[in-house]
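# Structural characterization, general
Each chain is listed here by its residues.
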Amino acid sequence: MAIKRLFIANRGEIALRIVRAAQALNMETVLAVSDADRDSAAARLVDRTVVLGPAQAARSYLDPRLVVHAAKASGCDGLHPGYGFLSERAILPRLCAANGIAFVGPEPDVIESLGDKIQARGMARAAGVPLVPGCDGVATAADARREGDKIGYPVLLKAAAGGGGRGMVIAHNGDEAEAGFHRASAEAVAAFGDGTLFMERFVPEARHVEVQLMGDGKGQVVHFGERDCSVQRRYQKLIEEAPCTAMPDHLRKQLHESACALAASVNYRNAGTCEFLFDVKRQEFYFIEVNARIQVEHPVSEMISGFDLVQEQLRIAGGAGLSVTQDQVSLTGHAIECRINAEDPARDFLPSPGRITRWSPPQGEGIRLDSHMSEGAMIPPFYDSMIGKLIVHAPTRDAAIDRLDAALADFRVEGIATTIGLHREIIAHPDFRANRIHTRWLEQVLLAERKGAAA
Amino acid sequence: MIEIDDNARRAIANARALLDTMLASGWNEVCVTGVEGDYFLARQPGTVNPLLAAETVSVAVDPVSVPFGSTEIIKAPHVGTVAWLAEIGHSVAEGGAVARLTVLDETIDIPSTKAGTIAAHVAQVNDLAEFSTPLVELAS
């Protein structure tokens, strides 16, 4: 049965995005807020807010019992968790089910098994999805050389018993693999009492590529193309694009098929993203993980497909099937998203909470801004520092970069420090224009050059 | 003279930024946990530091209360449905239950911040009390 009254268990721009999608589908909306968010943009738009607890997330947004109690007591029959907070905690859909509330997301068992790295890898292997080549149980130096030759260098040797980077060695050839075995194994014995090693291919310059999926929970899955999220700092994505123009069509087809096969094999329900590492040199991709939720960067997929993913999430949670077949999904042009954070790149990305004294966003054809900010808005220091996402769409990647540059130049924010200037530097860099980037590019190249210039 | 390194300088800058935000917003307390460290700031007369407080399940650790003339208003420490309120005229000791909230199938007693007499009910049984909703008025 279609959801009549939706509870939104999140904050910031995604809460606003979900409220608008629900209202477009004529649903009533109830928003969970903390004491610090009583006056947020989403709070002003909903039919009702419920103040869960104090500003501290652990005592408001992160308490699944408070969230579900508030949803039930306010008469909601559906709950959207957004991203972050409780979105991938199986307890939330379990409590929803026990209290007669439709959860906008996958089944709790699916969330749990995909959230476990070892189980998820097993599921990917069973569905025929490529994993990073490697092997378990390397017991001698001769084994290390033989396996290294088979896997292809460089390889990473690490302790089978432990983690945390201890006993880890990178080998670029057979001799280094043998020498590396002795060193890593000795460290592993000292640290864990077990010298058995695990080996896998090391990809020094990889791209992060992911496929947007939507499943009906009965084995039907459609994809909305892939996104390239290789501009990252400390594993946090800063810029996302769709499609990944660095990937040839035949590989792209395999990537989509792999992601859909994995999702279909677990009867995946609702929105999800299958993440891969793309080894450009070898022209191979490997499974990383599945994110069982809507993601921050979903707008770039919406821009190239012209399809509202959040509305589809709400329809599916209400019991409807997929509203499109794969043949009906057509992807056109190129989209780029910048995550605008209230951080100061000149001061090692120090968060910059405070009051926005000027907010003048860009407007125009092919420009979309997903933000909960406005002039006079206060950025509380309790949560993540993202204040908005600027998304552009144009016929080609080059045209999209030009459009993004003009939009960023027009974007005026005062009162706080932001990453707008850094985004302009990134997209103006010759490596970005030539699409020669990888997941460590921002830190190894651009930020290193910046530091060098400042010294 | 104390040597201050970059980390300490950053921690001080963070604390200053948090203090500015707290003063500008009118909040009584700011509690931030992050990778670079945890911060807790509170205005006079201060309150329990949640970073040091032990987790409890069945009793609210810090019921919100505000002085109101010679009486005090006890407020809900989190969202919950009002299941019971202590009778008007009833005497309570400090820490004694003045109200009970249910959260799903769990009941939570809201303790009094000081000894006194229940002067009035501000909330009604079966109300959905949100965080900081006044529950009872306590005369001391």
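Residues numbered from 1 in each chain as written. Chains lettered and ligands numbered in written order. Predicted model: local features only at pLDDT ≥ 70, side-chain atom pairs only at ≥ 80, totals over all residues.

## Some words on the overall build of chain A
To keep it simple, the criterion reads: Comment: elements are numbered from the N terminus, with helices defined as DSSP H or I runs of at least four residues and strands as E runs of at least two. C-alpha atoms define the radius of gyration, and 2.2 Å times the number of residues to the power 0.38 defines the globule rule. In this scheme every C-beta is placed from the backbone, and a residue whose C-beta has 20 or more other C-beta atoms within 10 Å is buried, one with 12 or fewer is exposed, and one in between is partly exposed. Contacts are defined on C-beta atoms placed from the backbone: any two residues whose C-beta positions lie within 7 Å are in contact.
When helices and strands are counted, chain A shows 15 helices and 23 strands. Relative to a compact globule of 455 residues, whose C-alpha radius of gyration would be 23 Å, chain A shows 23 Å and is just as compact. Seen through its principal axes, chain A has C-alpha atoms that stretch 70 × 55 × 45 Å. Counting all 455 residues of chain A, 50% fall into the buried class. Partitioning the contacts of chain A with sequence separation of at least 6, the portion at a separation of at least 24 is 65%.

## Digging into the overall build of chain B
For chain B, the count of helices and strands is one helix and eleven strands. Reading the secondary structure of chain B in the N-to-C direction produces α-β-β-β-β-β-β-β-β-β-β-β. In chain B, once contacts between residues fewer than 6 apart in sequence are set aside, the share between residues at least 24 apart is 48%.

## Here's the deal with the nonpolar core
Convention followed: Any set of buried Ala, Val, Leu, Ile, Met, Phe, Trp, Tyr and Cys residues joined through C-beta atoms within 7 Å is what this text calls a nonpolar core.
Among the nonpolar cores identified, the biggest contains 103 residues, and Leu 31, Ala 32 and Leu 52 of chain A together with Ala 99 and Leu 135 of chain B are the most heavily contacted of them. With seven residues, helix 1 (residues 12-24) of chain A is the single largest residue contributor to this core. Ignoring any residue separated from it by four or fewer positions in sequence, one finds Leu 52 of chain A in contact with Ala 32, Val 33, Ser 34, Ser 60, Tyr 61, Leu 66, Val 67 and Ala 70 of chain A together with His 78, Val 79 and Phe 131 of chain B.

## Notes on the packing of helix 1 of chain A against helix 11 (residues 309-317) of chain A
All names here are of chain A. Quick reminder of the rule: Axis angles are defined between N-to-C directions and span 0 to 180 degrees, where every axis is a line fitted to C-alpha atoms and, for a helix, only to the segment in contact. Any angle that falls under 35 degrees is termed roughly parallel, while one over 145 is termed roughly antiparallel, one within 65 to 115 roughly perpendicular, and all others oblique. By definition, any crossing whose near helix is turned counterclockwise from its far helix by less than a right angle is left-handed, and any crossing with a clockwise turn is right-handed. Gly falls in the polar group here, along with every residue not listed as nonpolar (Ala, Val, Leu, Ile, Met, Phe, Trp, Tyr, Cys, Pro) or charged (Asp, Glu, Lys, Arg).
It is the contact of helix 1 with helix 11, at a shortest axis distance of 9 Å, that shows an interaxial angle of 60 degrees. When the axes of helix 1 and helix 11 are compared, the pair comes out oblique. Crossing of helix 1 against helix 11: the hand is right-handed. The residues of helix 11 that touch helix 1, namely those facing Arg 17, Ile 18, Ala 21, Ala 22 and Ala 24, are Val 310, Gln 311 and Leu 314. Class assignment for the residues of the contact of helix 1 with helix 11 results in six nonpolar, one polar and one charged.

## Digging into the sheet that holds strand 10 (residues 128-129) of chain B
Rules: In this description, strands pair whenever DSSP reports at least two bridges between them.
A sheet is described by the order of its strands in space; here four strands give the open sequence 8-7-5-10 (chain B), paired in antiparallel fashion. The open sheet terminates on both sides in strands that have one partner only, identified here as strand 8 (106-111) and strand 10 of chain B. Against the sheet, helix 3 (residues 64-73) of chain A contacts strand 5 (80-85), strand 7 (97-103), strand 8 and strand 10 of chain B, and its axis sits at roughly 80 degrees relative to strand 7 of chain B.

## Side note on helix 11 of chain A
Residue and element names in this part refer to chain A. Burial analysis of helix 11 places seven of its nine residues in the buried class, which makes it a mostly covered element. Every buried residue belonging to helix 11 is among Leu 309, Val 310, Glu 312, Gln 313, Leu 314, Ile 316 and Ala 317, and all of these are buried. Gly 319 sits one or two positions beyond helix 11 and adopts a positive phi of about 105 degrees.

## Considerations on the sheet that holds strand 3 (residues 48-53) of chain A
Residue and element names in this part refer to chain A. Read across the sheet, five strands follow the order 3-2-1-4-5 without closing on themselves; strand pairing throughout is parallel. With one partner strand each, in any of the chains shown, strand 3 and strand 5 (102-103) form the two edges of the open sheet. Against the sheet, helix 3 makes contact with strand 1 (5-8), strand 2 (28-34), strand 3 and strand 4 (78-80), and its axis sits at roughly 150 degrees relative to strand 3, the strand it touches most.

## With respect to the pairing of strand 15 (residues 334-341) of chain A
Residues and elements named next belong to chain A. Among the eight residues that make up strand 15, eight are buried, leaving the element largely enclosed by the rest of the structure. Side chains His 334, Ile 336, Cys 338 and Ile 340 of strand 15 all project onto a buried face; the interleaved residues Ala 335, Glu 337, Arg 339 and Asn 341 project onto the opposite face, where all are buried too. Where strand 12 (residues 236-242) and strand 15 come together, four bridges link them in antiparallel fashion. By the bridge assignment, Glu 240 is partnered in strand 15 with Glu 337.

## Digging into the packing of helix 3 of chain A against helix 4 (residues 91-98) of chain A
All names here are of chain A. Interhelical geometry of helix 3 versus helix 4 gives an angle of 35 degrees and a closest axis separation of 10 Å. Between helix 3 and helix 4 lies a crossing whose hand is right-handed. In contact with Pro 64, Arg 65 and Val 68 of helix 3, helix 4 contributes Ile 91, Leu 92, Leu 95 and Cys 96. Each residue belonging to the contact of helix 3 with helix 4 can be placed in one class, and the counts come to six nonpolar, no polar and one charged.

## So, the environment of Ala 161 of chain A
With respect to the secondary-structure elements, Ala 161 of chain A resides in the loop between strand 7 (155-159) and strand 8 (169-171). Residue contacts for Ala 161 of chain A: discarding those within four places in its chain leaves Ala 188, Phe 192, Asp 194 and Thr 196 of chain A.

## Here we look at the environment of Tyr 286 of chain A
All names here are of chain A. Within the secondary structure, Tyr 286 is located in strand 14 (residues 284-291). According to the C-beta neighbour criterion, Tyr 286 is buried, with 21 such atoms within 10 Å. Residues Tyr 286 and Gly 105 lie 181 residues apart in sequence; the distance between their C-alpha atoms is 25 Å. Other than its neighbours up to four places away in sequence, Tyr 286 contacts Pro 130, Leu 131, Val 132, Phe 276 and Leu 277.

## A word on helix 10 (residues 298-305) of chain A
All names here are of chain A. Extensive coverage of helix 10 is indicated by the burial of eight of its eight residues. Along helix 10, the residues that are buried comprise His 298, Pro 299, Val 300, Ser 301, Glu 302, Met 303, Ile 304 and Ser 305. Gly 306, located one to two residues past helix 10, shows a positive phi value of around 65 degrees.

## Things to note about unusual backbone geometry
All names here are of chain A. Along the chain, Tyr 153 connects to Pro 154 via a cis peptide bond; the corresponding omega equals -5 degrees. Within the secondary structure, Pro 154 sits in the loop between helix 7 (141-151) and strand 7. The backbone of Phe 85 sits at a positive phi, close to 40 degrees, despite the residue not being glycine.

## A look at the confidence of the model for chain B
One rule of thumb: low pLDDT means the predicted coordinates there are not for detailed reading. Cut-off, in case you're wondering: pLDDT gives the predictor's per-residue confidence on a scale running from 0 to 100.
The predicted model of chain B has a mean per-residue pLDDT of 80, with 63% of residues at 70 or higher. Here residues 54-58 of chain B is a poorly scored stretch, pLDDT under 50, and it has two contacts once near neighbours within four places are set aside; other chains count.

## Things to note about the environment of Gly 137 of chain A
Residue and element names in this part refer to chain A. Its location among the elements puts Gly 137 in strand 6 (residues 134-138). When the 11 C-beta atoms within 10 Å are taken as the criterion, Gly 137 is described as exposed. In this structure, the C-alpha to C-alpha distance between Gly 137 and Leu 79, residues 58 residues apart in sequence, is 45 Å. The residues touching Gly 137, leaving out its near neighbours within four places in the chain, are Ala 160 and Thr 196.

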